[in-house]
Amino acid sequence: MSLEIRPTTTAPGPEPSTQRPPSSATPLPPPPTNRRPRWILIGLGATLLVAALAFMTVGAKGSWDFVLPFRGTKLLAMALVGVAVAVSTVMFQTVTDNRILTPSIMGFDALYLLLQTTLVFSIGSARMTAIPAPAKFLLESAVMVTFGVLLYRWLLSGRRRSVHVLVLAGIVLGVFFRSLSSFMTRLIDPNEFQVLQDAMFASFNSFDRSLVWLAALLLGGAVATAWALRRRLDVLLLGRERATMLGVDHQRTVGLVLVVVAVLVSVSTALVGPITFFGLLVANLAYRIAGSHRHAVVMPVAALLGVLALVAGQTVLEQVFEFDTALAVIIEFLGGIVFLALLMRGDKR
Amino acid sequence: MIDVLDAVKTYGEVRVVDGVRLALPSGGLTSIIGPNGAGKSTLLSLVARLVGLDGGRVLVDGLDVTTTKSDVLARRIAALRQENHLASRLTVRDLVTFGRYPHSKGRTTPEDLEHVARAIEFLDLGSLADRFLDEMSGGQRQRAFVAMVLCQDTDVLLLDEPLNNLDPRHAVAMMERLRAAADQLGKTVVVVVHDINVAAYYSDHIVAMSDGAVMFEGPPHAVICPEVLSDVYGLPVSVHTIEGRPHATYFR
Ligand SMILES: Nc1ncnc2c1ncn2[C@@H]1O[C@H](COP(=O)(O)OP(=O)(O)OP(=O)(O)O)[C@@H](O)[C@H]1O
Ligand SMILES: [Mg+2]
């Protein structure tokens, strides 16, 4: 077989580019400064301020001396949970190199439930409620941090796994933990089961108010660490090899990130209960609107979105619809839809 | 500059890099050639500390790559990988700016920005600087990744198939740039190329690998000869001299 190549009629293209060694003589155009992140942050901050004011004041009955501290604690709890969920999701997605997984989807909510069940099963609800709240809170957080770190390490260790395998692993683990809990539930007294029912959904009404400051301390430390890691997290976006190339100790950094993530998720879960899909919602929204890949922008934007969604949602539900506990359910519903949509689209970013 | 001392890498039972010994002097352009699966990328990854050694040692500028701190090495070695998959959505400028990380640790200075702008100019990406990488052609993306590597401003440059996806004009320009980096800036450049004639024309030194081992190495006129190439590739290769330079043909 022969191929005939006909000369084209047009003249040959430009000379094969002439050498231009780097010279600093030519004036370089300044890169355009990206102002969008700043405006997004200011806009979100202002909206959040309005929402928080509304939450504190709208429909207040009775003396301010009671209303302000009461609502203030609740506001603080929502702020803590919103920030923790948003920041942990963004960090987790950066180190796992995808935009579908959240730390809770990986079986964490079920793990929390299992922990609660095990407690009730082994020591009984009476003695469980007798444990001083801060002690129980710290114990729960510690157990979950330990399990969380082990779980994430195990899932992410060794060969790179595809996102779909990780999702599947998360589901399987979730089912496994849940079956264990329901097995134990069958063995316990129906009255004690009541205690567990409360543990299944996050609630901003029935959490223990005395724990808010302790949680704030722990979460504050974790968020400060996350902030300190922000530039290294940016580099992790390039994947393991390129991050190594740029001098970032990938294994150590990822290890540290996973500990921070586990603390954020565990403490916020121990405070108000498990939240599965919410992080997915705010993180993906944050990537869309932040206008920058930098964690110094994405993490605060996601955090502001998270708090805003909780505060605004809770205000509307409480004041307009006079619902009390439905916020978590609604948020999970929306987040679940986003999860499915992302999964269907095969969006692995 | 680069000393590979009996480097070994095994995957399972297979010794993918099998006791390679190499000493590449400072400055100059070395090409690694060889068939698919010969272990070229693995060898480059070993030198760039992207995969761990299972035996032997690698020294870059006298520093052992397994024991030297990663951020110290990042200011001495930069590497381009064979595949340029990226999970996140970045612009060319974002990507190239990452090349400054070893120097800036993320706090980009005006001087860093100057390096970035120069690297973008250098690879003919001026008009694409603020384009997202997933909205560019394969060759444009390849140039963006090379720009990032150059921006790291290291003495040693390891490039795995830098000519991937490039049209002839940009391929020639790329090789001339790498030559210039070696000649004018004194960089030690190592490239993996599949085009034997590109290797013959642009390199000071050619390393021919097969089955995880270095089969031959030497200056172009010593390696680019029918016996060596036929042996390395298991394919009849004839070599002609065109304008005083060896030129291999391997298809009819
Ligand atoms: N992560 C890995 N796990 C198992 N085997 C691997 C791995 N990476 C590479 N190999 C094997 O090692 C051998 C050498 O691979 P390498 O990528 O170094 O080849 P190469 O010379 O760069 O080839 P090419 O020209 O196709 O790029 C191949 O046989 C390959 O299958
Ligand atoms: Mg290769």
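Before reading on, note that the structure itself is shown above.
Residues numbered from 1 in each chain as written. Chains lettered and ligands numbered in written order. Predicted model: local features only at pLDDT ≥ 70, side-chain atom pairs only at ≥ 80, totals over all residues. Heavy atoms only, no water.

## Re the overall build of chain A
Keep this limit in mind: The numbering of helices and of strands both runs from the N terminus, where a helix is a DSSP run of H or I of at least 4 residues and a strand a run of E of at least 2. Under the scheme applied here, a residue whose accessible area is under 20% of the maximum for its type counts as buried, over 50% as exposed, and between as partly exposed, the area being computed with a 1.4 Å probe on protein chains only. To measure how exposed things are, a 1.4 Å probe is used in the Shrake-Rupley method; for residues, cover is taken only from the protein chains shown.
Helix and strand content of chain A: 14 helices and zero strands. Put simply, chain A has 349 residues, and 49% of those count as buried. Total accessible area on chain A is roughly 17600 Å²; 67% of this is exposed by carbon and sulfur atoms.

## So, the overall build of chain B
Note the threshold: What makes two residues a contact is simply this: any of their non-hydrogen atoms within 4.5 Å. Charge convention: Lys and Arg are scored as positive, Asp and Glu as negative, and His as well as the terminal groups of each chain are ignored. By convention, the charge on Lys lies at NZ, on Arg at CZ, on Asp at CG and on Glu at CD.
Scanning chain B from terminus to terminus reveals 10 helices and 12 strands. Projected onto its principal axes, the C-alpha coordinates of chain B cover approximately 55 × 40 × 35 Å. In chain B, buried positions account for 56% of the 252 residues. Restricting to contacts in chain B with at least 6 residues of sequence separation, those with at least 24 account for 63%. Accessible surface, chain B as shown: approximately 10500 Å² in total, 49% of it carbon and sulfur. Distance between charge centres in chain B, computed from 25 positive and 32 negative side chains, equals 5 Å.

## Overview of the coordination of the magnesium ion (ligand 2)
For a metal bound by four donors in tetrahedral geometry, the ideal donor-metal-donor angle is 109.5 degrees, whereas six donors in octahedral geometry ideally sit at 90 or 180 degrees. Residue and element names in this part refer to chain B. To keep things clear, this is the line we draw: For Na, K and Ca the donor cutoff is 3.2 Å, while for all other metals N, O and S atoms count as donors only within 2.8 Å; water does not appear among the atoms, so some sites may look incomplete.
Taken together, Ser41 (OG) and Gln82 (OE1) make up the protein donors of the magnesium ion (ligand 2), found 1.9 to 2.1 Å from the metal. With Ser41 in helix α1 (residues 40-47) and Gln82 in the loop between β6 (77-80) and α3 (92-98), the pair connects residues that are 41 residues apart, well separated along the chain. Note on Ser41: relative accessible area 22%, which makes it partly exposed.

## Comments concerning the site of ligand 1
All names here are of chain B. What counts, and what does not: Any residue with a non-hydrogen atom lying within 4 Å of a molecule or strand is treated as near it. Polar contacts, as counted here, are pairs of nitrogen or oxygen atoms within 3.5 Å of one another; within protein the pair requires one atom able to donate a hydrogen and one able to accept it, and residues that are adjacent in sequence qualify only if both atoms are side-chain atoms. Only Asp, Glu, Lys and Arg are considered charged, only Ala, Val, Leu, Ile, Met, Phe, Trp, Tyr, Cys and Pro nonpolar, and every remaining residue, Gly among them, polar.
Neighbouring ligand 1 are 13 residues; Val16, Gly37, Lys40, Ser41 and Thr42 lie closest to it. Interatomic distance of 3.1 Å between a backbone N/O atom of Ala38 and an oxygen atom of ligand 1. Within the contact set of ligand 1, an oxygen atom lies 2.6 Å away from a side-chain nitrogen or oxygen of Ser41. No other element matches α1, which puts three residues into the shell around ligand 1. The residue makeup of the shell around ligand 1, split by class, is four nonpolar, seven polar and two charged.

## Section: the side chain of Ser181 of chain A
Residues and elements named next belong to chain A. Among the secondary structure elements, Ser181 is positioned in helix α6 (residues 163-187). Assessed through its relative accessible area of 3%, Ser181 is described here as buried. Not counting the four nearest positions on each side in its chain, Ser181 is found in contact with Ala110, Leu113, Leu114 and Thr117.

## A closer look at the sheet that holds strand β3 (residues 28-33) of chain B
Residue and element names in this part refer to chain B. Note the threshold: Only when DSSP finds a minimum of two bridges between them are two strands counted as paired. As a rule, the C-alpha atoms of each element are fitted with a line to give its axis, helices using only the stretch in contact, and angles between N-to-C directions run from 0 to 180 degrees.
Spatially, the six strands line up as an open sheet ordered β6-β7-β8-β3-β9-β10, and their pairing is mixed. Single-partner strands in this sheet number two, and they are β6 and β10 (213-218). Between one strand axis and the next, the sheet turns by 15° as a mean value, whatever way the strands run. Two elements, strand β9 (residues 205-210) and β10, share five bridges in a ladder whose sense is antiparallel. Counted as the bridge partner of Ala208 is Phe216 from β10. Strand contacts of helix α7 (residues 168-185): β3, β7 (156-160) and β8 (188-192), with the helix running at about 135° to β3, the strand carrying the most contacts.

## As for a nonpolar patch on the surface
To be explicit about the condition: Patches were defined on residues exceeding 30% relative accessible area and lacking a salt bridge, with like-charge contacts within 9 Å and nonpolar side-chain contacts (Val, Leu, Ile, Met, Phe, Trp, Tyr) within 5 Å. Should a side-chain nitrogen of Lys or Arg be within 4 Å of a carboxyl oxygen of Asp or Glu, the pair is scored as a salt bridge.
A surface patch of nonpolar side chains, amounting to about 370 Å² of accessible area, comprises Leu168, Ile171, Val172 and Val175 of chain A. Among the structural elements, Ile171 of chain A can be located in helix α6.

## Thoughts on the packing of aromatic side chains
Here is the rule we go by: Pairing of aromatic side chains here covers Phe, Tyr and the six-membered ring of Trp, requires ring centres within 6.5 Å, and sorts the geometry by plane angle: under 30 degrees stacked, over 60 edge-to-face, intermediate tilted. Should the NZ of a Lys or the CZ of an Arg lie within 6 Å of a ring centre and within 35 degrees of the ring normal, that charge is described as sitting over the ring.
For the structure on display, the rule yields two aromatic pairs over all chains. Relative to Phe177 of chain A, the ring of Phe176 of chain A has its centre 5.8 Å away and its plane inclined at 50°; by these criteria the two rings are tilted. Given a relative accessible area of 48%, Phe176 of chain A falls into the partly exposed group. Judged by its relative accessible area of 11%, Phe177 of chain A is buried. Taking the centre distance of 5.0 Å and the plane angle of 65° together, the rings of Tyr201 of chain B and Tyr202 of chain B count as edge-to-face. For Tyr201 of chain B, a relative accessible area of 47% translates into the label partly exposed. Note on Tyr202 of chain B: relative accessible area 9%, which makes it buried. Of note, Arg177 of chain B hangs over the ring of Phe122 of chain B, and the distance from its end group to the ring centre comes to 5.8 Å.

## Concerning the interface of chain B and chain A
Applied cut-off: Each of two parts loses accessible area, computed with a 1.4 Å probe, when they are put together; buried area is these two losses added.
In this complex, chain B contributes 47 residues to the contact, which on the side of chain A involves 30 residues. Between chain B and chain A, roughly 3300 Å² of surface is buried when both sides are summed, and carbon and sulfur atoms account for 62% of that area. For the pair chain B and chain A, the interface holds one salt bridge. The residue Arg81 of chain B makes a salt bridge to Glu241 of chain A at a minimum N-O spacing of 3.8 Å. Our enumeration of links across chain B and chain A arrives at eight residue pairs in polar contact (both at pLDDT 80 or more).

## Some remarks on the packing of helix α1 (residues 36-57) of chain A against helix α12 (residues 278-290) of chain A
Residues and elements named next belong to chain A. Here is the rule: Angle categories: roughly parallel below 35 degrees, roughly antiparallel above 145, roughly perpendicular from 65 to 115, and oblique for all the rest.
Axis separation between α1 and α12 bottoms out at 10 Å; the angle between their running directions is 130°. Comparing the axis directions of α1 and α12 gives the class oblique. Mapping the contact onto sequence places Arg36, Pro37, Ile40 and Leu44 in α1 and Arg288, Ile289 and Ala290 in α12. Its residues assigned to classes, the contact of α1 with α12 shows five nonpolar, no polar and two charged.

## Regarding the nonpolar core
Note the threshold: Nonpolar cores are built from buried Ala, Val, Leu, Ile, Met, Phe, Trp, Tyr and Cys residues. Side-chain atoms within 4.5 Å join them into one set.
Among the nonpolar cores identified, the biggest contains 155 residues, and Met91, Tyr152 and Leu271 of chain A together with Leu95 of chain B are the most heavily contacted of them. Setting aside residues up to four positions removed in sequence, Leu95 of chain B forms contacts with Leu238 of chain A together with Leu86, Leu90, Leu133, Ala144, Phe145 and Met148 of chain B. Counting residues in each nonpolar core, the second largest holds 31 residues, with Val20, Leu22, Leu43 and Val58 of chain B among its members.

## Considering helix α13 (residues 295-320) of chain A
So the rule is basically this: Each helix should span, by expectation, one fewer than its residue count multiplied by 1.5 Å.
Between the first and last C-alpha of α13 of chain A there are 36 Å, a value that for 26 residues agrees with the 38 Å anticipated at 1.5 Å per step. Burial analysis of α13 of chain A places 20 of its 26 residues in the buried class, the great majority of the element.

## Points about unusual backbone geometry
Residue and element names in this part refer to chain A. Of note, the phi angle at Asp97 is positive, near 65°, even though the residue is not glycine. Relative to the helices and strands, Asp97 is located in the loop between α2 (64-96) and α3 (108-123). Given the relative accessible area of 14%, Asp97 is considered buried.

## Let's talk about α3 of chain A
All names here are of chain A. Spanning 16 residues, α3 covers 23 Å between terminal C-alpha atoms, matching the ideal 22 Å at 1.5 Å per step. α3 sits mainly inside the fold: 12 of its 16 residues count as buried. Burial in α3 covers these residues: Phe108, Asp109, Ala110, Leu111, Tyr112, Leu113, Leu114, Leu115, Gln116, Thr117, Leu119 and Val120. After α3 finishes, the residue Gly124 shows a positive phi value of roughly 85°.

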